[in-house]
Amino acid sequence: MIVSIDADRCAGHGACVATCPEVFTLTSDGYVEVTVDRVPDELVELVKRAAAECPERAVLVDTP
Ligand code: SF4
């Protein structure tokens, strides 16, 4: 799985960081970055949850 953040939508609530800090991190300017190239298998479910719970629909997942 590959995950990215739609920076135009992200409002910096930090919910995704709280759900999966291994993958998402808050930047110094209050937005979120993804810290992995590919989501490890053991974190896939957490990342899916973060995407579902993002109030701005800014967590974009790609499961080729
Ligand atoms: S939950 Fe969504 S809006 Fe909030 S910081 Fe994460 S990506 Fe941004």
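Data block above holds the structure.
Residues numbered from 1 in each chain as written. Predicted model: local features only at pLDDT ≥ 70, side-chain atom pairs only at ≥ 80, totals over all residues. Heavy atoms only, no water.

## Examining the site of the ligand
Line of reasoning, step 1. Every one of the 13 residues lining the ligand counts as a neighbour, but C10, G14, C16, V32 and C54 are closest to it.
Line of reasoning, step 2. The residue makeup of the shell around the ligand, split by class, is nine nonpolar, three polar and one charged. (Near = heavy atom within 4 Å. Nonpolar A, V, L, I, M, F, W, Y, C, P; charged D, E, K, R; others polar.)

## Notes on the nonpolar core
Line of reasoning, step 1. By size, the foremost hydrophobic cluster in this structure holds 19 residues, and its most contacted members are F24, V47 and V59.
Line of reasoning, step 2. Within the residue set of this core, elements represented by two or more residues are β1 (2-5), α1 (15-19) and α2 (44-53).
Line of reasoning, step 3. A per-element tally of this core places α2 first, with four residues.
Line of reasoning, step 4. When near neighbours in sequence (up to four residues on either side) are disregarded, V47 contacts M1, V3, C20, V23, F24, V39 and V61. (Core = buried A, V, L, I, M, F, W, Y, C linked by side-chain atoms within 4.5 Å. Buried < 20%, exposed > 50% of the residue type's maximum accessible area, 1.4 Å probe, protein only. Helix = DSSP H or I, 4+ residues; strand = E, 2+ residues; numbered from the N terminus. Contact = heavy atoms within 4.5 Å.)

## Quick word on the pattern of salt bridges
Line of reasoning, step 1. With the rule as written, the count across this model stands at two salt bridges.
Line of reasoning, step 2. In this structure, the salt-bridge partner of R9 is D6, at a minimum N-O distance of 3.7 Å.
Line of reasoning, step 3. On the accessibility criterion, D6 (22% relative accessible area) is partly exposed.
Line of reasoning, step 4. Among the salt bridges present, the one from E45 reaches K48, with a minimum N-O distance of 3.6 Å. Of this pair, E45 and K48 both sit in helix α2, three residues apart, roughly one helical turn. (Salt bridge = Lys/Arg side-chain N within 4 Å of Asp/Glu carboxyl O.)

## Details of α2
Note: α-helices contain 3.6 residues per turn, so residues at a spacing of three or four share the same orientation.
Line of reasoning, step 1. Taken as a whole, α2 has its buried residues at V44, V47, A50 and A51. Buried residues of α2, seen end-on, are gathered within an arc of 120 degrees and therefore sit on one face of the element. Turned more than 90 degrees from where α2 packs its buried face, E45 and A52 sit exposed.
Line of reasoning, step 2. Those residues of α2 hidden inside the fold are in contact with β1, α1, β2 (24-26) and β4 (59-62). (Arc of directions from axis to C-beta.)

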